[in-house]
Amino acid sequence: MKLFQKNKRLESPEFRGDYVQEDPVQLQIETSSLCNLQCVMCPHGIKGFLWKKEDNYLTHAQLVKILNQFPHLEKISLQGMGEPLLNSELPELVAESTSRGITTSFFTNAMLLKRQVVDTLMDARLHRLVISLDAGTEEKLAEIRKGADLAAIVDNVQYLISEKKRRGSTTPYVNIMFVAMPKNIETIPAVIELALELGVDELVIKACSGMALIDEHDWMLSEKDFDELMVSVEKGRKKGLQIGIAAGVNPLVRRQGKLRCQWPWKKAYVAVDGSVTPCCYALPERGVVFGNVLTSDFSEIWNGPKYQSFRKELREGMPAICKNCPDYSQFE
């Protein structure tokens, strides 16, 4: 299969067309469709959206088949709607990806991040690990991430950080991901202090996305919430913590409706069954499937009629599936 060369012009929206001559530089591949938690803002915790789905895990052989179609891939995130650590082959998947020179990462709730798992992931040369933690107190975390145990998570992350130091390794780069919501914003000072105590590399704050299963207006920060958040953020930064904030966290930005999405031109999402969608927000479970990379050549999918139609719709307006996406940032 002949692959395409990168084109920096894609950074500018005016150069984006319906047909793309560059293959994606980044993939997100779902490695598990199940989760061990039921978070209040996630499909797993809302009406059991994916909770009762048949056990499904990406295999090493399937990953090889996918990656063989992307020899120039730069980055890969090995996660989707489920918890990656439920997949017993995950260290093998990581090793396969890193052995190809691909910057590899995944998100986890860290409940299953036990010592042996940490050791195997470090042996596999994982580049980045994102710890999802949406509260700094046990009570609030249990309310938001049902089934989570803050003490267990802290213990697991502490071992990870200590093992990095013992090995003299700079990887995996460890950051905490905090989903900012009105119901947890008061715990951000505690999260910042915890991040400092643990010695993680970064704290990243992002906006809530409930896959249109929740009224996201009710989950968006108010201007007052955002101002109070920034006070805590500045205090944390002065203490030496690196803190990143996604644009969609700011309610003023989310109301602007500016087109910033580059997914259909630069990235792609692959579900655990091989289904290809434009991103992790437009899922097969929501009726969006552009093809299957396990049964078809991705080059045919990437510039097939469904992808081209979606790109055109996104350039000229807003597809219905994108309406409440915090990365698109438009609310009526």
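Residues numbered from 1 in each chain as written. Predicted model: local features only at pLDDT ≥ 70, side-chain atom pairs only at ≥ 80, totals over all residues. Heavy atoms only, no water.

(A) Structural view of the side chain of S77. With respect to the helices, strands and loops of the structure, S77 is situated in strand 3 (residues 75-77). Aside from chain neighbours lying at most four places away, what touches S77 is Q26, L27, Q28, I29 and S105. (Helix = DSSP H or I, 4+ residues; strand = E, 2+ residues; numbered from the N terminus. Contact = heavy atoms within 4.5 Å.)

(B) Looking closely at helix 6 (residues 188-198). Those residues of helix 6 not exposed but buried are I188, V191, I192, L194, A195 and L198. Projection of helix 6 onto a plane perpendicular to its axis shows the buried side chains occupying an angular sector of 165°, all on one side. At its buried positions, helix 6 is contacted by helix 5 (150-167), strand 7 (173-180), strand 8 (202-207), helix 7 (223-238) and strand 9 (243-245). At the exit of helix 6 stands G199, carrying a positive phi of roughly 80°. (Buried < 20%, exposed > 50% of the residue type's maximum accessible area, 1.4 Å probe, protein only. Arc of directions from axis to C-beta.)

(C) Looking closely at the packing of aromatic side chains. Taken as a whole and assessed by the stated rule, the structure comprises five aromatic pairs. Measuring from centroid to centroid gives 4.7 Å for F290 and Y307, while their planes differ by 65°, and the two rings are edge-to-face. In this pair, F290 sits in the loop between strand 11 (275-277) and strand 12 (291-292) while Y307 sits in helix 11 (residues 305-316), placing the two residues 17 residues apart along the sequence. Taking the relative accessible area as the measure of exposure, F290 reaches 14% and is therefore buried. Through pairs of rings, three or more aromatic residues link up here, namely F70, F290, F298, W302, Y307 and F310. (Phe/Tyr/Trp six-rings, centres within 6.5 Å; stacked < 30°, edge-to-face > 60°.)

(D) Just the sheet that holds strand 9, in detail. Here ten strands make up an open sheet; going across it, the order is 9-8-7-5-4-3-1-10-11-12 and the pairing mixed. At either end of the open sheet lies a strand with only one pairing partner, and these are strand 9 and strand 12. Relative to strand 7, strand 5 (residues 128-132) runs parallel, the two sharing five bridges. Note that in strand 7 the partner of S132 across the bridge is M177. Against the sheet, helix 5 contacts strand 5 and strand 7, and its axis sits at roughly 150° relative to strand 7. (Pairing = 2+ DSSP bridges. Axes fitted to C-alpha atoms, helices over the stretch in contact; angles between N-to-C directions.)

(E) Representation of the environment of T103 in the model. Relative to the elements of secondary structure, T103 occurs in strand 4 (residues 103-108). Along the primary structure T103 and H127 are separated by 24 residues, whereas in three dimensions their C-alpha atoms are 6.1 Å apart. When sequence neighbours within four positions are dropped, the list of residues in contact with T103 reads E74, K75, I76 and H127.

(F) Focus on unusual backbone geometry. P172 follows T171 through a cis peptide bond whose omega is 0°. Within the secondary structure, P172 is located in the loop between helix 5 and strand 7. Phi at A110 is positive, roughly 70°, even though this residue is not glycine. Among the secondary structure elements, A110 is positioned in the loop between strand 4 and helix 3 (115-123). Exposure remark for A110: the relative accessible area of 0% places this residue in the buried category. For R125, which is not glycine, the phi torsion reads 65° and is therefore positive. Relative to the helices and strands, R125 is located in the loop between helix 3 and strand 5.

Treat this as a map of the structure, not an account of what it does.
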